[in-house]
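# Structural description and commentary
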Amino acid sequence: MNQTENINANWPGLIEAYKSWLPVSEKTPIVSLKEGGTPLIKLHSISTLIGKDVSIYAKYDGLNPTGSFKDRGMTMAISKAKEEGCEAVICASTGNTSAAAAAYAKRGKMRAFVLIPDGYVAQGKLAQALVYGAEIVAIKGNFDRALEIVQEASKKYPITLVNSVNPYRLEGQKTAAFEIIDCLGDAPDWLCIPMGNAGNISAYWMGFEQYYVAQKATKLPRMMGFQASGSAPLVLNKTINNPETIATAIRIGNPVNKEKAIQARIKSKGTFLDVTDEEIIEAYKLLASEEGIFCEPASAASIAGLLKRKQEIPNNSVIVCVLTGNGLKDPDCAIKNNEAIFHSNIEGNLKEIATILGF
Ligand code: AN7
């Protein structure tokens, strides 16, 4: 049979796919799990709900190898660490970075040290770090404290820091913007994205700008960044000492990339806005039950934010909402927040079951 062009099985991973746009050379040992190349999925129900002539898409980055966009940055950070002869990496994490760092470090034959806020990492993410074989330290303190510690540790000891202060992380993550333009044929009008440490919004902006300068896009999107209300330092323009939100991935009070994110907002004529935990959960359920897409709570902030900005959406616009992580990352949240009809303790007997089902 002839090979069909529509099959994605030959996707080479994002470094291979976008090599000429990335700081890699022939000497770089590429550590890849074939990340990137994730689908852009049209959101029909949400477009209808908005009630205007708009095309809304989800960039479903929860389909990356470890279930989040962090793989995009980690393939770059770990490949470069390997090139530099490093034998161990360290990160602070609300969960997804630790899963990605552990997977790629192990694939690159390195040790992975991860610092996490004790009790605030979703089960799926913790399970991943454990099984990939990371060396985990759960601290009494939040993500921001953990990040201060790993920054210091990487200066004192021979360990490479793979949080988004590592510039290779953003280089890898910018490829998501390239993929969107390659898929749509141009940049969208809006990009809706959750913000935690604000690395991803900064990376997307870098990608959009680079493609625009190279005339691969005729316009630049407005960068619409969203945070959880209890954890919204970029919206409130101040450090939050005790951030709180159900979206533990973005429970971050002092984003290291704040200056870059603010620049992206200003240059793109974008805006930052906060969404409450209730709005996040509403969007999370809507996406799953109406569109069939299961993302984690932090990711649903991009949909919650879009819905909150509904009045301002221009007619005929194209909007991309980034779904940064897979819903399976946080099963506890799913089990606690749904409207499913769940009959339990039922005899395995068709007659009884049919009655329950209303037949
Ligand atoms: C699903 O894993 O910071 O604004 O340590 O896991 O680039 O920080 C995760 C962040 C959005 C925010 N969505 O991205 C970590 C971590 C999900 C995330 C964000 C995160 P940034």
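Criteria and cut-off values
Think of each chain on its own: its residues are numbered from 1, step by step along the sequence as written. Note on the predicted model: pLDDT of at least 70 is required for a residue's local features to be given, and 80 or more for side-chain atom pairs to be given and counted; whole-chain, interface and lining totals, by contrast, use all residues. Hydrogens are left out, water is left out, and the side-chain values use all remaining heavy atoms of the structure. Lines are fitted to the C-alpha atoms to define the axes, a helix being fitted only along its stretch in contact, and any angle between axes, read from their N-to-C directions, falls within 0 to 180 degrees. Think of it this way: any DSSP run of H or I at least four residues long counts as a helix, any run of E at least two long counts as a strand, and we number them from the N terminus. These descriptions rest on fixed angle ranges, namely under 35 degrees for roughly parallel, over 145 for roughly antiparallel, 65 to 115 for roughly perpendicular, and the rest for oblique. Here a crossing is called left-handed whenever its near helix is offset anticlockwise from the far helix by less than a right angle, and right-handed whenever the offset is clockwise. By definition, residues are in contact when any of their heavy atoms lie within 4.5 Å. The nonpolar class holds Ala, Val, Leu, Ile, Met, Phe, Trp, Tyr, Cys and Pro. Asp, Glu, Lys and Arg form the charged class, and all remaining residues, Gly among them, are polar. We define a nonpolar core as any set of buried Ala, Val, Leu, Ile, Met, Phe, Trp, Tyr and Cys residues linked to one another through side-chain atoms lying within 4.5 Å. To sort residues, take the accessible area from a 1.4 Å probe on protein chains only and compare it with the maximum for the residue type: under 20% means buried, over 50% means exposed, and anything in between is partly exposed. In what follows, salt bridge is the name for a side-chain nitrogen of Lys or Arg lying within 4 Å of a carboxyl oxygen of Asp or Glu.

The next point concerns the packing of helix 4 (residues 96–107) against helix 5 (residues 123–132). Remark: helix 4 packs on helix 5, axes separated minimally by 8 Å, with the N-to-C direction vectors making an angle of 20°. The angle between helix 4 and helix 5 places the two elements in the roughly parallel class. Note on packing geometry: the crossing formed by helix 4 with helix 5 is left-handed. Here Asn96, Ser98, Ala99, Ala102, Ala103 and Lys106 of helix 4 lie close against helix 5, whose contacting residues are Lys125, Gln128, Ala129 and Tyr132. Looking at the contact of helix 4 with helix 5, its residues break down into 5 nonpolar, 3 polar and 2 charged.

Our next topic: the nonpolar core. One finds Ile56 and Leu306 to be the most contacted residues of the largest nonpolar core, which totals 36 residues. With 6 residues, the single largest contributor to this core is helix 13 (residues 297–308). Not counting the four nearest positions on each side in its chain, Ile56 is found in contact with Ile41, Lys42, Leu43, Ile46, Ser47, Ile50, Leu306, Ile319 and Cys321. In this structure, Tyr57, Leu191, Met223 and Val320 belong to the second largest nonpolar core, which totals 33 residues.

Per the counting criterion, the structure on display carries 16 salt bridges. For the salt bridge of Arg72 with Glu179, the shortest nitrogen-to-oxygen distance reads 2.9 Å. Note that Arg72 is positioned in helix 3 (residues 70–83) and Glu179 in helix 8 (residues 175–184), a separation of 107 residues in sequence. Exposure class is identical for Arg72 and Glu179. Each is buried. The salt bridge involving Glu244 is made with Arg251; its shortest N-O contact spans 3.3 Å. When salt bridges that share partners are traced, they join Lys59, Asp61, Arg72 and Glu179 into one network.

So, to be careful, I would describe these as geometric facts and stop short of saying anything about function.
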